[in-house]
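# Structural overview
Here's the letter readout for the chains.
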Amino acid sequence: MTVPFPFTAVVGQDDLRLALLLNAVSPAVGGVLVRGEKGTAKSTAVRALAALLPEVEVVAGCRFSCDPAKPDPACPDGPHEPAFETRPSRMVELPVGASEDRLVGALDIERALSEGVKAFEPGLLADAHRGILYVDEVNLLHDHLVDLLLDAAAMGASYVEREGVSVRHAARFLLVGTMNPEEGELRPQLLDRFGLTVEVAASREPDQRVEVVRRRLAYDDDPAGFVARWADEESDVRQRVVAARELLPSVVLGDGVLRQIAATCAAFEVDGMRADIVMARTATALAAWAGRTEVLAEDVRQAALLALPHRRRRNPFDAPGLDEDKLDETLEEFAEPEDSPDAADAPESSDASEDEDPDPGPDGPGGGGQPPSSEPDGPQGGDTGAQPESGESVPAQAPAAGEQSAVRAAEPFRTKVLSVPGLGEGAAGRRSRARTEHGRTTGARRPRGTLTKLHLAATVQAAAPHQRTRGRSGPGLVVRRDDLRQATREGREGNLVLFVVDASGSMAARQRMSAVKGAVLSLLLDAYQRRDKVGLVTFRGSAAEVALPPTSSVDAAATRLESLPTGGRTPLAAGLLKAHDVLRVERLRDPARRPLVVVVTDGRATGGPEPVALAGRAARLFAADGTASVVVDCESGHVRLGLAGQLAGELGGTAVTLDELRADSIAGLVRDVQGTQGPQRTSRRAA
């Protein structure tokens, strides 16, 4: 087995390492969410932390790692014998594609019904008890699994219930989630459940990057030897964690410090009281980590930088961040008076009457933390999700000849529910009807593999005719494997909404483009809430480009839309062909996710030879595929050619005029368009 990379050998990433260590000192902090680009040592640091943690004593033979000093009276393996063993702290990884049974454990319903035996196979939550549970790409994990995960982390226990049979076991662990914001955000209510968050980015300093490469190559060449060279540093940190844990109960959190914490949370308008509690626990852990028994203003400042960025009230498209100047002003305003006992050991505060600079700066009162970072995870939160991936098109920053600069979108509005007709089987979400593991029960079928959701009535109905031949002589029901029926359920799925936006000169009227962008932005907000994937294709000049490939990062689509300039000719056929190609590739990657194409254009086609005929042929490709579509007609003026309506006919969809883009009509019209053409597509697929 390969030894993990040493925690102390990780170059840079000070905030990440500190957040992990604070949770190691005080698991009550509530875990860490690590946000950042690919290749920034997120996973390496988490795996390294597990090797750094002290060993734990567990009850011998207990599958749930009970503490011999305080065994869980409800442990499924109890009652326990007075025997214990020592083992290293575990780090358990939860894969993105894990099932609910893999996470919480599997209960054998067949044995429970036929034999009356609670046969429970522990899941990953049981394995992670008293260790680390690591969830890579937590933003891609299904919402209901994230809910189960965070509920267990908050309660310290996991409950498994199947058709009236229930099992409970302890599940206290250090929760660490990592995510790349470009792949989509977590819902705000789930973000709030993580105690701390840190932004990580690759260093832009050549010397530091050289050191990263040097250490990684040395580790790959000789892992054991490299780890041995860092053994002393690892031992020192391990001992410091143990000492901080022992000191933690003695740390005093004064009323003045609590007032600073409450004032800071109020100043940044965070919802609820969880932020205040997390900040208090984090500041206490910081004091213990520093070897102090008193929490200082500098601890409060650092706790705020770790606990508040993902909790501040914000638009869904805003990146997490914190205004450090505002933070310093708040801490200074609510600092302890100089004659207060709690302020005796605090850093010297500035006084306007003294001949000192009244500006506290990063190292002034309450500013004992690190100075503001120049990296993307600094006070403004950086440009998360807006940076293009390799191979993506980047909207021009300055308009070229014949183009107009980008205009701002009109104010977004709440849309009505859009849905693709028929019954899908795509990724779970909150938009269209679909067969899912969770939702209302609609029928029953024979189980394929392990039974997860029992349909009791159907099972009894299947078993009842065979009771005489099975020799039943008393009360009860003789149930066999062939009698079991799996419940089929109907819920909601997420879809792929692909926007095809005409950015040519004929669309360049400022008021018109602002209204169009406002409507698209409103649908993007709706897609964010309903867990859709979105994509953006634009066409102007002589070609079309994929401004954003299909992604769960709706905020990235909003950023590309805002920066979209206009001008040039109208290569409509190129735009439609590019969109069709995007859908073709996406069907190979995610065949179960059903698409909706929204074409925003005035219908003019002026690029290339025979542009109108080419556009018609390209549109008929979507009709042949049965793709749901709508055309937003942006034509204006007294004389209307009706080209967008003709395009909608070729697509097999319906045209919506620009005048109908008001708040109470556009989303409903899109829904009506889908409904008029949906049954034909459904029957075609069924055939």
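A brief structural summary. (Residues numbered from 1 in each chain as written. Predicted model: local features only at pLDDT ≥ 70, side-chain atom pairs only at ≥ 80, totals over all residues. Heavy atoms only, no water.)

Another aspect to go through is the overall build of the protein. Looking only at helices and strands, the protein features 21 helices and 22 strands. In the protein, which comprises 687 residues, the share counted as buried stands at 50%. A fraction of 78% describes how many contacts in the protein between residues 6 or more apart in sequence connect residues 24 or more apart. Here the protein displays about 31500 Å² of accessible surface, and carbon together with sulfur accounts for 50% of that area. (Helix = DSSP H or I, 4+ residues; strand = E, 2+ residues; numbered from the N terminus. Buried < 20%, exposed > 50% of the residue type's maximum accessible area, 1.4 Å probe, protein only. Contact = heavy atoms within 4.5 Å. Areas by Shrake-Rupley, 256 points an atom, 1.4 Å probe, with all protein chains shown as cover.)

With their axes 9 Å apart at the nearest point, helix 1 (residues 14-25) and helix 12 (residues 274-289) run at an angle of 90° to one another. The orientation of helix 1 with respect to helix 12, classified from their angle, is roughly perpendicular. The segment helix 1 lies against helix 12, with L18, L21, L22 and V25 engaging T282, A285, L286, A288 and W289. In terms of residue class, the contact of helix 1 with helix 12 is built from 8 nonpolar, 1 polar and no charged. (Axes fitted to C-alpha atoms, helices over the stretch in contact; angles between N-to-C directions. Parallel < 35°, antiparallel > 145°, perpendicular 65-115°, else oblique. Nonpolar A, V, L, I, M, F, W, Y, C, P; charged D, E, K, R; others polar.)

With respect to topology, 6 strands assemble into an open sheet ordered 18-17-16-20-21-22, the strand pairing being mixed. Unpaired on one side and paired on the other, strand 18 (543-551) and strand 22 (654-657) mark the two borders of the sheet. Across this sheet, the average inter-strand angle for adjacent strands is 15°, counted without regard to direction. (Pairing = 2+ DSSP bridges.)

Glancing now at the side chain of D602. By secondary structure assignment, the location of D602 is in the loop between strand 20 (595-601) and helix 19 (611-625). Its relative accessible area of 2% is what places D602 among the buried residues. Within the structure, the side chain of D602 is placed 3.0 Å from the backbone nitrogen of R604, a separation counted as a polar contact. (Polar contact = N/O pair within 3.5 Å; in protein donor to acceptor, adjacent residues only side chain to side chain.)

With that out of the way, let us pick up the packing of aromatic side chains. By convention here, two paired aromatic rings are described through the distance between centres and the angle between planes. A full pass over the atoms with the stated rule returns 4 aromatic pairs. Relative to F226, the ring of Y219 lies with its centre 6.0 Å away and its plane at 75°, an arrangement referred to as edge-to-face. Across this residue pair, the class does not change: Y219 and F226 are buried. Here the aromatic residues F5, Y219, F226 and W230 are joined through ring pairs into a cluster of three or more. Against the face of W289 rests R240, its NZ or CZ located 3.9 Å from the ring centre. Seen from the ring of F268, K326 lies directly overhead, with NZ or CZ sitting 5.0 Å from the centre. (Phe/Tyr/Trp six-rings, centres within 6.5 Å; stacked < 30°, edge-to-face > 60°. Lys NZ or Arg CZ within 6 Å of the ring centre and 35° of its normal.)

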